[in-house]
Amino acid sequence: MCLFVHCRQHPGQYEYCRNYDDLENHFRKDNFLCEDETCLAKKFIVFQSDTELKAHGIEHLVIPMRGYRYSPSFADIDKATDFIYSE
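Residues numbered from 1 in each chain as written. Predicted model: local features only at pLDDT ≥ 70, side-chain atom pairs only at ≥ 80, totals over all residues. Heavy atoms only, no water.

(A) Expanded view of the overall build of the protein. The helix and strand tally for the protein stands at 4 helices and 4 strands. N-terminal to C-terminal, the α/β element order of the protein is β-β-α-β-α-β-α-α. Out of the 87 residues in the protein, the part that is buried amounts to 23%. Partitioning the intrachain contacts of the protein with sequence separation of at least 6 by distance along the chain shows that 11% fall at a separation of at least 24. Here the protein has roughly 6900 Å² of accessible surface; of this, 55% comes from carbon and sulfur atoms. (Helix = DSSP H or I, 4+ residues; strand = E, 2+ residues; numbered from the N terminus. Buried < 20%, exposed > 50% of the residue type's maximum accessible area, 1.4 Å probe, protein only. Contact = heavy atoms within 4.5 Å. Areas by Shrake-Rupley, 256 points an atom, 1.4 Å probe, with all protein chains shown as cover.)

Structure below.
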């Protein structure tokens, strides 16, 4: 299997990856990879800027509307506050 990605630093050129592990490493190094499990399973959800990644991250927040039973986890609260207060 051979995978390729468009190279932003050199328009019109492509970088070739041998497999999905190499492709994931490329995305982690040169782009902004969504680390959510559902996005990683899709092979992959990647953005050109940190701002785009943060905007996408709001999709992964789980904020219940009412009741203690449905209250958000600490991890979800952290994600929400990080998103709100990020620069």
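So much for the structure itself; the text now carries on.
(B) View of the packing of aromatic side chains. All chains considered together, the criterion is met by 1 aromatic pair. Look at Phe 27 and Phe 44: their rings are 5.8 Å apart centre to centre, the planes differ by 75°, and that puts the pair in the edge-to-face class. Taken together, the positions of Phe 27 in helix α1 (residues 20-30) and Phe 44 in the loop between α2 (37-41) and β4 (46-47) put the pair 17 residues apart, joining distant regions of the chain. Given the relative accessible area of 13%, Phe 27 is considered buried. (Phe/Tyr/Trp six-rings, centres within 6.5 Å; stacked < 30°, edge-to-face > 60°.)

(C) Summary view of the environment of Glu 15. With respect to the helices and strands, the residue Glu 15 is situated in strand β2 (residues 14-17). A residue is classified by how much of its surface remains accessible, and Glu 15, at 29% relative accessible area, is partly exposed. It is 9.0 Å that separates the C-alpha atoms of Glu 15 and His 26, two residues lying 11 residues apart in sequence.

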